[in-house]
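# Examining the three-dimensional arrangement
Residues per chain are reported as follows:
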Amino acid sequence: MKFLTPRIGLRAAMVATAIALASTLGGPVTASADSSMSIAIMGQQDAAWAGAPLGSSATDTVGSAGCAITAVTMMLRYYGMDTDPGAFNAWLSANAGYAFDDQLIWAAVTTYSGGRVAFSGWIGPDLDTIDGELDAGRPVVAEVRLGGNQHFILLTGYTLDGGLMINDPWFADSVQFNDRYGDPTTGSIVSVRTFMPQDPGGPRGGGRVSWLANAVAAIHLSR
């Protein structure tokens, strides 16, 4: 049997260790989010591109159904590309980047970025994979359900207590996954898409700071 959440449990244990250490040192631990992967929020319903047809669709627009390309755009901007959902949609439309009118061909991201960011995987809701990608400093595009419909969001990291943080293209905000889509261990994530930058270290540096280090830092900052 495959257990999907051992690392999330480990994070909780690490936080408990930090809290115990805080008690020993006589200082509180602040429950702030890990900000080591700060990704600018973009919304699919931004007036600058919301009205553009999505691919060659006669009905869908970037505003109504462009969640996937908006999530990818946020990821590409994190890796240093100067782009937006409107520009990405226009390129995809002109370069056979959609299937069935408006379904993103994920491998087209590799071509669009000139190989700077390569599509590396389409897998099920494997939380171990998500954990590994986020710990390596690589945001993850995740498929969920919003109002019963397919929707894509960008997973950007974890809160100090182990909860997933997301950028949501529909709402153009950054929230905890649990607050909007429920517990990720119960099937609320349908599938994920992973991407590998040409420089694995990336423009932001080599991965994310460990959770225990963050917690200990919070102790010292609060004293």
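Treat the numbers as computed from the prediction; the structure is a model and nothing was measured.

### With respect to the overall build of the protein
- The helix and strand tally for the protein stands at eight helices and eight strands.
- By the burial criterion, 44% of the 223 residues in the protein qualify as buried.
- Long-range pairs, those at least 24 residues apart, make up 66% of the contacts in the protein with a sequence separation of at least 6.
- About 10,200 Å² of surface is accessible on the protein, with carbon and sulfur atoms providing 56% of the total.

### Some thoughts on the layout of surface pockets
- Volume-wise, the largest pocket comes out at about 480 Å³.
- In terms of lining, the largest pocket is formed by 23 residues, of which the most central are Ala 65, Cys 67, Gln 103, Gln 150 and Phe 152.
- Sort the elements by how many residues they give to the lining of the largest pocket and strand β5 (residues 149–158) lands first, with four residues.
- Here the residues of the lining of the largest pocket are counted per class, giving 13 nonpolar, seven polar and three charged.

### Quick word on the nonpolar core
- In terms of nonpolar packing, the biggest core is built from 46 residues, with Val 72, Met 75, Ile 130, Leu 155 and Phe 177 touching the most fellow members.
- Looking at which element gives the most residues to this core, the answer is helix α3 (residues 67–78), with nine residues.
- If sequence neighbours within four positions are ignored, Phe 177 has contacts with Val 144, Ile 153, Leu 155, Leu 164, Ile 166, Gly 182, Pro 184, Ser 188 and Ile 189.

### Looking at the sheet that holds β5
- The strand order β3-β8-β4-β5-β6-β7 describes an open sheet built from six strands, whose pairing is antiparallel. Both outer strands of the open sheet, β3 (117–123) and β7 (173–176), are each paired with one neighbouring strand and no more. Direction aside, neighbouring strands of the sheet carry axes that sit 35° apart on average.
- Relative to strand β6 (residues 164–168), β5 runs antiparallel, the two sharing four bridges. When the bridges of β6 are listed, Gly 157 appears paired with Met 165.
- Against the sheet, helix α6 (residues 127–135) contacts β3, β4 (140–146), β5, β6 and β8 (191–197), and its axis sits at roughly 50° relative to β5.

### Let's talk about the pairing of β7
- Residues Asp 173 and Val 175 point to one face of β7 and are all buried, whereas Ser 174 and Gln 176, pointing to the other face, are not buried.
- The sheet contact formed by β6 and β7 spans four bridges and is antiparallel. Paired with Asp 168 across the strands is Asp 173, a residue of β7.
- As consecutive antiparallel partners, β6 and β7 are separated by four residues, and within that stretch Ala 172 has a phi angle of approximately 55°, a positive value.

### Here's the deal with helix α4 (residues 85–94)
- For α4, the set of buried residues is Pro 85, Phe 88, Asn 89 and Leu 92. Along the axis of α4, the buried residues cluster in a sector spanning 100°; they form a single face.
- Elements that come into contact with the buried residues of α4 comprise α2 (62–65), α3, β1 (98–99), β2 (103–104) and α5 (108–112).
- The N-cap residue of α4 is Asp 84: its side-chain oxygen and the backbone nitrogen of Gly 86 are 2.9 Å apart.
- Ala 96 lies just past α4 and shows a positive phi near 55°.

### Focus: the environment of Met 81
- Within the element layout of this structure, Met 81 appears in the loop between α3 and α4.
- Note: C-alpha distance between Met 81 and Arg 116 (35 residues apart in sequence) is 8.8 Å.
- Aside from chain neighbours lying at most four places away, what touches Met 81 is Leu 76, Tyr 112, Ser 113 and Arg 116.

### Re the confidence of the model for the protein
- The predicted model of the protein averages 83 in pLDDT, with 73% of residues at 70 or higher.
- Ignoring residues within four places in sequence, the model shows residues 29–33, a span with pLDDT below 50, making 15 contacts including any to other chains.
- Here residues 205–223 scores under 50 on pLDDT; set against residues more than four positions off or in separate chains, the count is 47 contacts.

### Remarks on α3
- With twelve residues, α3 should reach 16 Å at 1.5 Å per residue; the first-to-last C-alpha distance of 17 Å fits that figure.
- Within α3, eleven of the twelve residues are buried, leaving the element largely enclosed by the surrounding structure.
- Downstream of α3 by one or two residues, Gly 80 has phi in the positive range, about 100°.

Analysis parameters
- Residues numbered from 1 in each chain as written.
- Predicted model: local features only at pLDDT ≥ 70, side-chain atom pairs only at ≥ 80, totals over all residues.
- Heavy atoms only, no water.
- Helix = DSSP H or I, 4+ residues; strand = E, 2+ residues; numbered from the N terminus.
- Buried < 20%, exposed > 50% of the residue type's maximum accessible area, 1.4 Å probe, protein only.
- Contact = heavy atoms within 4.5 Å.
- Areas by Shrake-Rupley, 256 points an atom, 1.4 Å probe, with all protein chains shown as cover.
- 1 Å grid on protein atoms, 1.4 Å probe; cavity = no way out; pocket = protein on both sides within 12 Å on 5 of 7 lines; lining within 4 Å.
- Points joined across faces, edges and corners; volume = space filled by probe spheres on them.
- Nonpolar A, V, L, I, M, F, W, Y, C, P; charged D, E, K, R; others polar.
- Core = buried A, V, L, I, M, F, W, Y, C linked by side-chain atoms within 4.5 Å.
- Pairing = 2+ DSSP bridges.
- Axes fitted to C-alpha atoms, helices over the stretch in contact; angles between N-to-C directions.
- Arc of directions from axis to C-beta.
- Polar contact = N/O pair within 3.5 Å; in protein donor to acceptor, adjacent residues only side chain to side chain.
- pLDDT = per-residue confidence, 0-100.
- Expected span 1.5 Å × (residues − 1).

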